[in-house]
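The primary structure of each chain is shown beneath.
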Amino acid sequence: MKNIIFIAPPAAGKGTQSKLVSEEYNIPHISTGDLLREEAAKDTALGKKIKEDMEKGNLVSDEVITTLLKNRITSADAKDGYILDGYPRNITQAKIYNDLLEELKYDKGVVIFFDIDKERALKRTLSRIICSNCGSSYNLLVEELKPKKENICDRCGNELKTRSDDTEEVFIHRFDTYINSTKELIDYYDKLGLLHKIEVLDKPASEIFEEVKKVLND
Ligand code: AMP
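Worth saying up front: this structure is predicted, and the values here are computed from it rather than measured.

Asks: So what exactly am I meant to see when it comes to the sheet that holds strand E7 (residues 160–162) here?
Replies: Within a sheet, neighbouring strands are paired by backbone hydrogen bonds and run either parallel or antiparallel to one another. Across the sheet, three strands lie side by side as E6-E5-E7; this open sheet has antiparallel pairing. Edge strands, defined here as strands with exactly one partner in the open sheet, are strand E6 (137–139) and E7. The average angle at which neighbouring strand axes cross in this sheet is 35°, direction not considered.

This is the structure we're talking about:
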């Protein structure tokens, strides 16, 4: 069973690697943000509470997230494994998750940390463009993510624009917040011997994927 945790600062290429790993191993990509958004869209007491927390930018309670996560990772499509994205967010959640794995008799899995420095991540972010019509995302600095025709969406042919939230100031805040909040978590998994660090540098996604596969196939 491949149960995988991805930890990556913004713009490290986690989305691309998630897609590649999901296809290669036929396992789902589970984002707790998506799980919560799905639940929040429901007209239930739980849905409303989640929506409130998310709108305020608060973390959703460990109890709620653990229940949703347990349901998700025990679903039929996750029987051979899954990629967890956005969870655990802190050491408390990591400990709860460890207990959950034990309870389910799942193995401890692997944690892959995609390490990227702030300057590179910022450059990548500022060269990100999206389609205003279908939302497809491209990146002029990443070979695999360039549009085939300059400024035109491969999928729907509409014009590509920079993302309005991709400003330097917003990015730096997001990046620093992420690094501060995950430092402890990375140390924690390192001490447990579960952490594998991959240096993103300027490598193409295909090369990073080879490194990911090496970790997963070991
Ligand atoms: P994301 O899509 O990962 O940025 O998550 C969006 C929002 O969902 C966060 O701001 C939190 O409110 C909530 N969320 C996602 N993952 C978790 C988690 N592991 N624990 C608690 N709240 C979470």
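Asks: Would you explain the packing of aromatic side chains in this entry?
Replies: We describe a pair of aromatic rings using the distance from one ring centre to the other and the angle between the two ring planes. Evaluation of the coordinates by the stated rule reveals four aromatic pairs. Look at Tyr 87 and Tyr 97: their rings are 5.9 Å apart centre to centre, the planes differ by 80°, and that puts the pair in the edge-to-face class. Taken together, the residues span a long stretch of sequence, with Tyr 87 in the loop between strand E3 (81–85) and helix H5 (91–104) and Tyr 97 in helix H5 at a distance of ten residues. Assigned by exposure class, Tyr 87 and Tyr 97 land together as buried. The interplanar angle of 40° and the centroid separation of 5.6 Å between the aromatic rings of Phe 171 and Phe 175 together place this pair among those described as tilted.

Asks: Whenever I open this one, the sheet that holds strand E1 (residues 2–7) confuses me. Can you help?
Replies: Overall, parallel pairing links the five strands, which are arranged E2-E3-E1-E4-E8 in an open sheet. Either end of the sheet is taken by a strand with one partner, and the two such strands are strand E2 (29–31) and strand E8 (195–199). Between one strand and the next, the sheet's axes are offset by a mean angle of 25°, whatever the strand orientation. Here strand E4 (residues 110–115) runs beside E8; their pairing, made up of five bridges, is parallel. Across the sheet, Val 111 pairs through a bridge with Leu 195, a residue of E8.

Asks: Even after reading the chapter, I still don't get the site of the ligand, so can you show me in this structure?
Replies: Around the ligand, a shell composed of 13 residues is seen, among which Thr 32, Asn 58, Val 60, Gly 86 and Gln 93 lie nearest. A distance of 2.6 Å separates an oxygen atom of the ligand from a polar atom in the backbone of Asn 58. Between the ligand and Arg 89 there is a distance of 3.2 Å, counted from an oxygen atom to a side-chain nitrogen or oxygen. Coverage of the ligand by the protein amounts to 79% of the 480 Å² it exposes when considered alone. Per-element tally for the shell around the ligand: the top contributor is helix H2 (residues 32–40), with four residues.

The rules behind the values
Residues numbered from 1 in each chain as written. Predicted model: local features only at pLDDT ≥ 70, side-chain atom pairs only at ≥ 80, totals over all residues. Heavy atoms only, no water. Pairing = 2+ DSSP bridges. Helix = DSSP H or I, 4+ residues; strand = E, 2+ residues; numbered from the N terminus. Axes fitted to C-alpha atoms, helices over the stretch in contact; angles between N-to-C directions. Phe/Tyr/Trp six-rings, centres within 6.5 Å; stacked < 30°, edge-to-face > 60°. Buried < 20%, exposed > 50% of the residue type's maximum accessible area, 1.4 Å probe, protein only. Near = heavy atom within 4 Å. Polar contact = N/O pair within 3.5 Å; in protein donor to acceptor, adjacent residues only side chain to side chain. Areas by Shrake-Rupley, 256 points an atom, 1.4 Å probe, with all protein chains shown as cover.

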